[in-house]
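Take a look at the letters that make up each chain.
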Amino acid sequence: MAQNRVLVTGAAGFIGSHLSEALLERGYDVCAIDAFDDFYDRRLKDANLSALSPSPHFSFWEADLSSADIEPFLRDVDTVFHMAARAGVRTSWGEGFEPYVRNNVMGTQRLLEASVRAGVRRVVYASSSSIYGETDEARLPTSEDEPGRPISPYGITKLAGEHLLTAYGLASTLEVVGLRFFTVFGPRQRPDMAFHKFLKAVLDGRPITIYGDGSQTRDFTFVGDIVAGVLAAGERPAGDVDSKMFNLGGGHRVTLKQTLDVISDVTGGTLRLDMQERAAGDVTDTAADTSLARSLLGYVPTTDLKSGLAAQWEWMKEARAAGLL
Ligand code: NAD
């Protein structure tokens, strides 16, 4: 087993591509898988991969975890960083649910099964704050002890993934670590996510659509901070992380309305708003209690909303200039 050989699933995506870059910088041999799920434009994912592909320490396979023979990709792999999923809350209702089950439940179960057979040491799983569902104001910020009560089909598949992780950890010698990401933003953010849509509307000179009255709050987390937390989950001793779930949040909870002020500041424009009904499955508030991650992962988020949004705005303008947006 090569200690520094890792597998990243979902490597062409928003978080997976940033993580893969950080792993290469730290001297790992990175094997990567992505199915190019049709959730958003493949050209964005190709662009995400373009910085990684030239490295001799990066190998990429287009493969679907829900159907491919995964074991060959795991040869000599020490740690798996499982970032692949069908993401997004709103599209997980109705007919849309099937790919969520296939990618997030079947994909995770097949990856865990293959990881045990291949003798992988550790699997780090990207879970989500959406597993918590609605939390009373009095119980915010949410700690990891809060029970999982998702209110969207997407959240249910992410919680199923956590349960699978725990079950495979108990049934084998596999070390398992779950990380609950809180609304991640920054360059390459998915096109279905609020900041991407807001900034794109500014680029297009269109009004920004707000679902609900804008008083809902989110704990926004810059992608670089998430990556630091994921790396720590891969590298910390088993005694600190094995069989644990950690919240990874940004530490600043703001209302949607407040984010609009920051967006106006960063883009230098006056924003026009289009207020719409709140969407089913969207929770009212999220706020992460990150004390466990701070103490056991050494996790300290460092990028504030304004600098993170400025970085995302720069990326959006570059992507627009390259004809990708
Ligand atoms: P993303 O859609 O940009 O990346 C996910 C990647 O996984 C995509 O490139 C997709 O093609 C790939 N994929 C999907 N199903 C696959 C399969 N069956 N086999 C192989 N590849 C597959 O999403 P993201 O925002 O980078 O999210 C990464 C992870 O973080 C996901 O697990 C998501 O649930 C979790 N997460 C993200 C956020 C966030 O705010 N972005 C918040 C909480 C949790």
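Note that this is a predicted model, so its numbers are computed, not measured.

K.L.:
Go over the site of the ligand, please, and point to the residues and values.
P.N.:
By nearness alone, 28 residues border the ligand, and Asp34, Tyr40, Tyr154, Val184 and Arg190 come closest of all. A distance of 2.7 Å separates an oxygen atom of the ligand from a polar side-chain atom of arginine 190. Here the ligand, which alone exposes 820 Å², has 98% of that area covered by the protein. Mapped onto the shell around the ligand, the elements with two or more residues apiece are α1 (14–25), β5 (122–128) and α4 (153–171). Tallying contributions element by element places β5 first for the shell around the ligand, with three residues. A per-class count over the shell around the ligand returns 16 nonpolar, six polar and six charged.

K.L.:
Tell me about the packing of α1 against helix α6 (residues 223–235), and please be specific about residues and values.
P.N.:
In contact at an axis separation of 10 Å, α1 and α6 are set at 60° when each is read in the N-to-C sense. Taken together, the axis directions place α1 and α6 in an arrangement best described as oblique. In terms of crossing hand, the pair formed by α1 and α6 is right-handed. Of α6, the residues touching α1 (which contributes Phe14, Ile15, His18, Leu19, Ala22 and Leu23) are Val223, Ile226, Val227, Val230 and Leu231. Along the lines of polarity and charge, the residues of the contact of α1 with α6 split into ten nonpolar, one polar and no charged.

K.L.:
Please give an account of the pairing of strand β2 (residues 29–34) that cites residues and values.
P.N.:
Looking along a regular strand, one sees side chains alternate from face to face of the sheet. Taken across its six residues, β2 has five buried, putting it largely inside the fold. Since strand β1 (residues 5–9) and β2 lie parallel, the crossover through α1 that links them has a hand, and here it is right-handed. As paired elements, β2 and strand β3 (residues 58–62) share five bridges and run parallel to each other. By the bridge assignment for β3, cysteine 31 is matched with serine 59. Read as a crossover between parallel neighbours, the route from β2 over helix α2 (residues 42–50) to β3 is right-handed.

K.L.:
Go over the side chain of threonine 9 with me, naming the residues and quoting the values.
P.N.:
In this structure, threonine 9 sits in strand β1. Reaching out from threonine 9, the side chain makes a polar contact with the backbone nitrogen of alanine 84 at a distance of 3.0 Å. Ignoring any residue separated from it by four or fewer positions in sequence, one finds threonine 9 in contact with Ile33, Leu65, Val80, Phe81, His82, Met83, Ala84 and Leu111.

K.L.:
Pulling in residues and values, what's your account of the pattern of salt bridges?
P.N.:
Counted by the stated rule, this structure contains 25 salt bridges. Note that glutamate 62 and arginine 42 form a salt bridge whose closest N and O atoms lie 3.5 Å from each other. In this pair, glutamate 62 is assigned in strand β3 and arginine 42 in helix α2, connecting sequence segments 20 residues apart. With relative accessibility at 37%, the residue arginine 42 sits in the partly exposed group.

K.L.:
Now, about the sheet that holds β3: what can you tell me, with residues and values included?
P.N.:
An order of β3-β2-β1-β4-β5-β6-β11 is seen for the seven strands of this open sheet, with the pairing classed as parallel. Strand pairing shows two members of the sheet lacking a second neighbour, β3 and β11 (244–248), which therefore form its edges. Strand-to-strand twist across the sheet, computed as the mean angle between neighbouring axes with direction ignored, equals 20°. Relative to β1, α1 is tilted by about 165°, and along the sheet it contacts β1, β2, β3, β4 (79–82) and β6 (175–181).

So, how was this worked out
As a convention, each chain's residues are numbered from 1 in the sequence order in which they are written. Local features in this predicted model are restricted to residues of pLDDT 70 or higher, and side-chain atom pairs are both shown and tallied only at a pLDDT of 80 or more, whereas totals for entire chains, interfaces and linings draw on every residue. To obtain the side-chain values, all non-hydrogen atoms of the structure were used and water was disregarded. We call a residue near a molecule or strand whenever a single non-hydrogen atom of that residue lies within 4 Å of it. In the analysis that follows, any N or O atom pair within 3.5 Å is treated as a polar contact, provided that within protein one partner can donate a hydrogen and the other can accept it, and provided that, for residues neighboring in sequence, both atoms belong to side chains. Per-residue accessibility takes into account occlusion by the displayed protein chains alone, with areas from the Shrake-Rupley method and a 1.4 Å probe. Each helix corresponds to a stretch of at least 4 residues labelled H or I by DSSP, and each strand to a stretch of at least 2 residues labelled E; elements are numbered beginning at the N terminus. Under the grouping applied here, Gly and all other residues not named as nonpolar or charged are polar, the nonpolar ones being Ala, Val, Leu, Ile, Met, Phe, Trp, Tyr, Cys and Pro and the charged ones Asp, Glu, Lys and Arg. The axes are straight lines fitted to the C-alpha atoms, using for helices just the contacting stretch, and the angles between their N-to-C directions are given from 0 to 180°. When an angle is under 35 degrees it counts as roughly parallel; over 145 it counts as roughly antiparallel; between 65 and 115 it counts as roughly perpendicular; any other value is oblique. Note on convention: near helix rotated counterclockwise from far helix by under a right angle means a left-handed crossing. Clockwise means right-handed. Contacts were defined at the residue level, with two residues in contact if any of their heavy atoms lie within 4.5 Å. The rule is simple: take the accessible area with a 1.4 Å probe, protein chains only, and divide by the maximum for that residue type; under 20% is buried, over 50% is exposed, in between is partly exposed. If the strands point away from the viewer and the path from the first strand over the helix to the second runs clockwise, then the crossover is right-handed. Two strands qualify as a pair provided that DSSP identifies no fewer than 2 bridges between them. By salt bridge we mean one thing: a side-chain nitrogen of Lys or Arg within 4 Å of a carboxyl oxygen of Asp or Glu.

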